[in-house]
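Residue strings, one per chain:
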Amino acid sequence: MAKTVDHYVAEQNGVTIEISAPRADVVRIRAGKQSLPEDASWAVPPAVRSRRVPIEVTTSGDDTELRTAALVVTLDRATLAITIRDTQGRVVLADAPGTALDIANGGFRLRKAMPPDAHYFGLGDKTGSLDRRGGAFTLWNSDQFGFTPSTDPLYKSIPFVLGLDGTGHAFGLFMDNSWRSFFDFGKSERAAFSFGAEGGPVDYYVMAGPGPKDVVQDYAWLTGTPPLTPRWALGFQQSRWSYMSQTEAQGIADRLRADRIPADVLWLDIDYQDRNRPFTINTKSFPDLPGLVQKLKTQDMHLVVITDLHIADAPNQGYKPYDSGISADVFMKNPDGKPFVGTVWPGPALFPDFTQAPVRAWWGAQYRDFVGMGVAGFWNDMNEPAVFEPVTKTMPLDVVNMIDEPGFAARKTTQAEVHNLTGMLNSRATYEGVLKLAPDKRPFVMTRASFAGGQRYAATWTGDNSSSWAHLKLSVSQLVSLGLSGFAYAGDDIGGFAGDPPSPDLLTRWIEVGAFNPIFRDHYQKGKAEQEVWVHGKEQEDIRRRYIEERYRLMPYIYGLADENSRTGLPLMRPVFLDYPAVVSRGDRLGGTEDQFMLGGDLLIAPPTTWESPAPYRIILPGPGWYDYWTGLPLTGAATTETPALGHLPVFVRPGTILPRQPLVQSTVETPKGRLQLAIYPGADCQGGLYLDDGESFAYKSGAYLRQRISCDATSLSFGNRAGSFKPWWTGFDVVIHGWTGPAPKIRLDGRTVASTVDAAAHTVSFALPDIAHPARVAIGG
Ligand code: GLC
């Protein structure tokens with residue numbers, strides 16, 4: 001007889017296990033010695049965790065079967081082994097034979113079967129190949145200046161894995177545990193993948209997909225989507241450690257404008273501060289920061305400033321963050337009860353204890369002056385947390401933190417448990433604080449360290465990479481992996497942070513690739529020769545400018561991806577297999593797609609596979625009929641050969657794309673003038689979308705946006721209803737249909753004929769339409 005429950009508990013050999021289903025296609029498993037762990041989480045909000053769909057329980061022999069509408073979980077009560085199948089009987093995830101759950105001395109290890117055709121992705125910013133199979137990784141947030149393509153661990157801990165089998169079926173696994181943890185994908189044991197942590201709860205979720213896109217959206221459902229970014233953060237950004245004076249910083253903005261290099265953001269690194277003390281200003285070198293902000297504003301530029309978490313240990317010096325922090329008792333303590341002091345940029349420093357909600361509120365209030373003067377965004381660096389002197393590059397594990405957080409039992413804990421949370425909670429405090437100070441503006445926060453769910457508060461970058469071809473290549477898999485792991489807004493230091501300055505070609509190539517990354521920021525280390533767009537002469541600068549301009553032309557598309565991401569969690573920058581899971585069955589290195597990436601579902605970027613020794617290389621596309629973005633011409637088959645040439649980055653367009661492009665602007669603040677281009681690349685499932693709002697406020701949440709679907713087939717272009725009240729800047733549409741070989745077709749809208757022009761050499765037909773805000777069909781030919 002089946003009975004219906006909302007969770008199921010079993011016990012064996014002193015281990016208690018609980019199985020529940022927050023959704024029919026998501027299973028949550030918790031376990032502990034004797035009793036279950038506390039049901040609390042920094043990553044999964046209470047509203048999500050408290051959901052439980054009904055489970056139908058049937059028992060036969062040692063097996064208990066738990067059924068939701070989408071899944072069947074079989075639990076062997078003798079061994080506590082678990083197999084999760086879909087309702088067709090296909091195994092989603094099964095425990096490996098042998099000991100599948102080993103809980104000992106506070107830590108634990110779980111083992112899952114690893115089918116021969118399975119691939120594994122995720123874990124955030126990890127180095128190595130995108131496919132994690134065969135690798136083993138540690139999750140422990142670490143300051144890794146000058147990391148290499150095999151350094152592990154890195155800055156972030158995101159215990160989320162997307163598994164994909166040879167038939168394109170995917171599953172997700174999220175281990176909600178912040179302790180030092182590990183994932184081993186068949187490195188130590190050929191037929192099993194294992195994961196575990198040095199302490200904390202056994203608490204993990206299995207998402208059943210079935211496609212990779214479903215899994216990414218399931219994970220976003222669990223841990224949240226990034227809030228819609230301010231649009232300016234999608235523009236080109238210039239930074240260095242450091243622009244040393246107000247004059248120098250202003251000079252950079254002036255030069256960007258003088259050279260007509262579109263740009264939106266200038267960054268100030270630690271040297272704008274007084275003795276590297278967060279929330280101060282060195283008024284000798286930056287005599288008028290508010291004035292700089294205002295001047296930049298007239299140039300349509302935003303200013304982002306760094307504010308690291310370490311507060312200088314500076315008693316009796318009138319340093320307010322220290323004084324108010326001591327009196328509010330916000331700093332982490334040594335076991336003896338005295339504040340922990342560690343050396344970082346300001347010298348000896350104290351570290352706020354962000355696991356206390358009141359401490360986060362204190363931190364957020366520190367931004368009052370900067371927000372007041374119009375600083376647009378904030379950069380939270382060194383928040384692993386980094387400490388210079390110890391070999392571990394962080395504080396001792398016994399440093400004490402207090403948990404003071406709604407939904408958690410208040411208790412004392414140590415860095416061993418919360419170290420990996422520091423970056424996320426630091427950036428959360430910043431995001432929430434800035435939002436409170438300016439409730440009508442979308443905050444922009446950039447963090448170096450983070451944890452699962454941290455995408456709700458901040459964008460990120462890959463930290464201190466180096467100026468090398470190997471790092472340019474690595475950036476693609478790191479950013480794709482971050483996107484799969486929730487961090488849709490990720491970038492790397494364009495040109496490389498550390499090492500010798502990039503060669504002219506390396507910087508140019510890096511800018512070409514960066515133009516198609518979510519966050520596009522040139523940043524580099526102190527002591528290095530200049531690395532701005534204009535170095536290396538006119539020829540290089542012209543190429544670089546061309547790519548930056550292309551990004552600005554594509555802004556309607558890119559901003560549309562941001563809108564999609566905020567609603568679904570689908571990343572801007574993606575692996576080819578996300579939209580085309582079948583590519584993995586084509587063979588090695590993800591069917592030859594491992595060096596490629598997609599920007600949204602419509603653009604595929606295929607950088608040279610061997611940057612350093614350029615040689616012709618073959619590009620295999622997901623199917624036939626893709627278009628060359630630069631020429632607009634369709635390819636004949638599903639593959640092409642490219643010969644690397646500086647100034648040319650191969651980009652392809654999905655057949656079936658309607659790509660919105662805008663006239664060139666010098667920043668996202670500048671309103672484009674004239675008409676919106678709709679570039680149509682005919683093919684199956686032909687569609688595109690428009691999304692627009694004011695780019696910076698929350699007015700879109702109360703209707704001040706514009707969203708519209710457009711579709712096409714062989715004989716028509718159809719506009720859907722326009723949702724929202726936001727008025728577009730464009731006066732009409734310039735339509736260009738690619739791959740056109742015939743004579744000029746007859747085009748009609750509302751019974752009127754529309755004139756068109758055929759360009760036989762370019763294989764296009766173009767025509768102008770008025771702005772169309774209501775459902776309408778444009779007949780083409782026929
Ligand atoms: C760290 C950051 C780097 C920054 C530097 C100085 O190394 O990763 O981006 O420039 O600190 O603040």
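Throughout what follows, the structure given in this document is the object of discussion. (Residues numbered from 1 in each chain as written. Predicted model: local features only at pLDDT ≥ 70, side-chain atom pairs only at ≥ 80, totals over all residues. Heavy atoms only, no water.)

## Some words on the site of the ligand
Alright, step 1. In the region of the ligand, the neighbouring residues are Trp241, Asp269, Ile270, Ile306, Trp345, Trp379, Asp381, Arg448, Trp461, Asp464, Phe497 and His523.
Alright, step 2. Contacts to the ligand include Asp381, whose side-chain N or O atom sits 3.0 Å from an oxygen atom.
Alright, step 3. Take His523: an N or O atom from its side chain is 2.9 Å from an oxygen atom of the ligand.
Alright, step 4. For the shell around the ligand, the per-class residue count stands at seven nonpolar, one polar and four charged. (Near = heavy atom within 4 Å. Polar contact = N/O pair within 3.5 Å; in protein donor to acceptor, adjacent residues only side chain to side chain. Nonpolar A, V, L, I, M, F, W, Y, C, P; charged D, E, K, R; others polar.)

## Here's the deal with the packing of helix H10 (residues 469-484) against helix H11 (residues 504-514)
Alright, step 1. Orientation of H10 relative to H11, taken along the N-to-C sense of each, is 5 degrees, at an axis distance of 10 Å. Viewed along their axes, H10 and H11 adopt a mutual orientation that is roughly parallel. From H10, Trp469, His471, Leu472, Ser475 and Val476 reach across to H11, where they touch Asp505, Leu506, Arg509, Trp510 and Val513.
Alright, step 2. Among the residues forming the contact of H10 with H11, the class breakdown is six nonpolar, two polar and two charged. (Axes fitted to C-alpha atoms, helices over the stretch in contact; angles between N-to-C directions. Helix = DSSP H or I, 4+ residues; strand = E, 2+ residues; numbered from the N terminus. Parallel < 35°, antiparallel > 145°, perpendicular 65-115°, else oblique. Contact = heavy atoms within 4.5 Å.)

## So, the pattern of salt bridges
Alright, step 1. A full pass over the atoms with the stated rule returns 51 salt bridges.
Alright, step 2. Residue Asp25 is joined to Arg23 by a salt bridge in which the shortest nitrogen-to-oxygen separation is 2.9 Å.
Alright, step 3. Residue class for Asp25 comes out buried when judged on its relative accessible area of 19%.
Alright, step 4. Residue Arg23 is classed as partly exposed on the basis of its relative accessible area of 21%.
Alright, step 5. Here Asp39 ties to Arg49 by a salt bridge, and the two come within 3.1 Å at their closest N and O atoms. Pair noted here: Asp39 is in the loop between strand E4 (26-33) and helix H1 (46-49) and Arg49 is in helix H1, with a separation of ten residues, a long-range link.
Alright, step 6. Since its relative accessible area comes to 10%, Arg49 is described here as buried. (Salt bridge = Lys/Arg side-chain N within 4 Å of Asp/Glu carboxyl O. Buried < 20%, exposed > 50% of the residue type's maximum accessible area, 1.4 Å probe, protein only.)

## Considering the state of the cysteines
Alright, step 1. What the rule picks out here adds up to one disulfide.
Alright, step 2. Through a disulfide, Cys686 is tied to Cys712; the S-S separation comes to 1.9 Å. Disulfide Cys686 to Cys712: torsion about the S-S bond roughly 85 degrees, handedness right-handed. Of this pair, Cys686 sits in strand E44 (residues 686-693) while Cys712 sits in strand E45 (residues 705-713), and the two are 26 residues apart along the sequence. Comparing Cys686 with Cys712 shows no difference in burial state: the two are buried. (Disulfide = S-S within 2.5 Å.)

## Some thoughts on helix H2 (residues 212-223)
Alright, step 1. Look at H2: 17 Å from first C-alpha to last across twelve residues, which is about the 16 Å you get at 1.5 Å a residue.
Alright, step 2. Among all positions of H2, only Pro212, Val215, Val216, Asp218, Tyr219, Ala220, Leu222 and Thr223 are buried.
Alright, step 3. Phi turns positive one or two residues past the end of H2, at Gly224, with a value near 100 degrees. (Expected span 1.5 Å × (residues − 1).)

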